[in-house]
Amino acid sequence: NPSRNIRIGETKYNMAPGYGPPFIIEPSGEKRNATLADVKKFCKLVQTSKYLDFNSAIVVQPHDVPIKTGHLDILLATLTLTDKPMMGSSVSEAAARDSLKLAKMIWGQTAEPVMISLVDSLAPLQYAAEMVDAILIFAAAGQPLIIHSACSLGTTGPITIAGSLVISNATTLAGICLAQLIKPGTPIVYGLGGSPTEMKTGSYVNGSPEDAKHTAIVTAMGRYYNIPCRSQGALTESFGLDYQAGMESAVMLATA
């Protein structure tokens with residue numbers, strides 16, 4: 001729907017839903033694996049939301065479709081259940097190529113930006129092979145890329161914000177440079193994050209003060225480089241709709 005086109009950068013602010021949650025928590029409190037039916041339900045929620053400007057690549061990660069072809073089911077749901085801008089799939093080389101093939105079926109060409117795709121680095125100072133493939137494929141097609149890096153403070157990166165910032169920034173810039181080497185002028189969004197490690201379990205902590213600081217830092221760095229930036233929104237570590245969820249998500253979103 002051309003009336004829903006978005007422009008990223010300058011003073012514009014665009015919001016998307018989260019990416020890749022593998023579980024659903026029911027109102028009863030039961031936690032279960034996400035399914036393709038949930039993908040379709042969330043696509044409809046994105047479509048009807050007046051707050052979300054475009055759809056993410058993986059609104060949930062369905063467990064009931066084959067891993068190698070699951071991206072096709074998710075893309076099909078996105079293309080048929082929403083008319084908002086979409087994200088391409090970067091989970092593999094095949095997924096990136098399939099995203100462009102589907103785009104050509106709909107738009108007839110990909111000479112102009114028709115989707116934006118997220119590429120995450122692998123801290124510290126690495127990119128997984130499938131992420132490099134996604135950069136090469138989408139950049140060659142001139143499609144916009146969000147290049148994002150984040151350390152888990154104290155495990156995959158230094159425990160300090162300043163230390164993690166150095167590593168994540170270097171990694172993000174490396175991915176941006178690769179995209180520009182493939183096709184100069186490839187539209188880019190600069191991404192940066194960082195969350196503390198929960199030392200008892202090894203997991204990372206969402207919605208922390210450090211998360212909020214990284215959200216503020218990525219904005220400053222984006223302005224420094226004069227590149228549009230991407231960061232985190234209403235994140236929380238809570239597993240219920242309680243005071244903690246409201247406080248943490250409000251702080252994160254207000255900072256963003």
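Calculation criteria
Each chain has its residues counted from 1, running along the sequence as written. Reporting of local features is limited, given that this is a predicted model, to residues whose pLDDT is at least 70; pairs of side-chain atoms are given and counted only at 80 or more, and all residues count toward the totals for whole chains, interfaces and linings. Note: side-chain values were computed over all heavy atoms of the structure, leaving out hydrogens and water. By convention, a stacked pair of Phe, Tyr or Trp rings (six-membered ring in the case of Trp) has centres within 6.5 Å and planes under 30 degrees apart, an edge-to-face pair has planes over 60 apart, and any other such pair is tilted. Numbering of helices and strands starts at the N terminus; helices are DSSP runs of H or I of at least 4 residues and strands are runs of E of at least 2. Using a 1.4 Å probe on the protein chains alone, a residue whose accessible area is under 20% of its type maximum counts as buried, one over 50% counts as exposed, and one in between counts as partly exposed. Only residues whose relative accessible area exceeds 30% and that form no salt bridge enter a patch; like-charged residues are grouped when within 9 Å of one another, and nonpolar side chains (Val, Leu, Ile, Met, Phe, Trp, Tyr) when within 5 Å. For the area figures, the Shrake-Rupley method with a 1.4 Å probe applies, and any residue is considered shielded solely by the protein chains shown. Every case where a carboxyl oxygen of Asp or Glu lies within 4 Å of a side-chain nitrogen of Lys or Arg is listed as a salt bridge. When DSSP finds two or more bridges between a pair of strands, those strands are recorded as paired. Looking down the strands as they point away from you, a crossover is right-handed if its path from the first strand over the helix to the second goes clockwise. One number per residue, pLDDT, summarises how confident the predictor is, and it ranges from 0 to 100.

### A look at the packing of aromatic side chains
Within a pair of aromatic rings, the relevant descriptors are the distance that separates the centres and the angle that separates the planes.
Next, step 1: Across all of its chains, the model carries two aromatic pairs by this definition.
Next, step 2: A ring pair is formed by Tyr-190 and Tyr-225, whose centres lie 5.7 Å apart and whose planes are at 50 degrees; its orientation type is tilted. Of this pair, Tyr-190 sits in strand E6 (residues 188-198) while Tyr-225 is found in helix H6 (residues 209-225), placing the two residues 35 residues apart along the sequence.
Next, step 3: Since its relative accessible area comes to 0%, Tyr-190 is described here as buried.
Next, step 4: Pairing Tyr-224 with Tyr-225 gives two aromatic rings, centres 5.1 Å apart and planes at 70 degrees, and the pair type is edge-to-face.
Next, step 5: Judged by its relative accessible area of 28%, Tyr-225 is partly exposed.
Next, step 6: Counting every residue linked through ring pairs, the aromatic cluster contains Tyr-190, Tyr-224 and Tyr-225.

### Some thoughts on a nonpolar patch on the surface
Next, step 1: A contiguous nonpolar patch, built from Met-105, Ile-106 and Trp-107 and spanning about 350 Å² of accessible area, is present on the exposed surface.
Next, step 2: Topologically, Ile-106 is positioned in helix H3 (residues 93-107).
Next, step 3: Given a relative accessible area of 47%, Ile-106 falls into the partly exposed group.

### Here's the deal with the pairing of strand E5 (residues 145-153)
Next, step 1: Across the nine residues of E5, eight count as buried, placing the element largely inside the fold.
Next, step 2: Pairing between strand E4 (residues 115-120) and E5: four bridges, direction parallel. Paired with Asp-120 across the two strands is His-148, which belongs to E5.
Next, step 3: By the bridge criterion, nine bridges tie E5 to E6 in an arrangement that is parallel. Paired with Cys-151 across the two strands is Gly-194, which belongs to E6.
Next, step 4: With respect to chirality, the unit in which E5 leads through helix H5 (residues 161-182) into the neighbouring parallel E6 is right-handed.

### Some details on the confidence of the model for the protein chain
As a general rule, the predicted coordinates of low-pLDDT regions are not to be interpreted in detail.
Next, step 1: In the predicted model, the protein chain carries a mean pLDDT of 93, and 100% of its residues have values of at least 70.
Next, step 2: No element of the protein chain has a lower mean pLDDT than strand E7 (residues 203-204), at 85, and none a higher one than helix H1 (residues 36-48), at 97.

### With respect to the pattern of salt bridges
Next, step 1: This structure, assessed with the given rule, holds five salt bridges.
Next, step 2: The partner of Arg-32 in a salt bridge is Glu-26, and the shortest N-O contact between them spans 2.7 Å.
Next, step 3: Residue Glu-26 is classed as partly exposed on the basis of its relative accessible area of 27%.
Next, step 4: Residue Arg-97 pairs with Glu-93 through a salt bridge whose shortest N-O separation is 3.2 Å. Remark: Glu-93 and Arg-97 occur in helix H3; sequence separation between them is four residues, near one turn of the helix.

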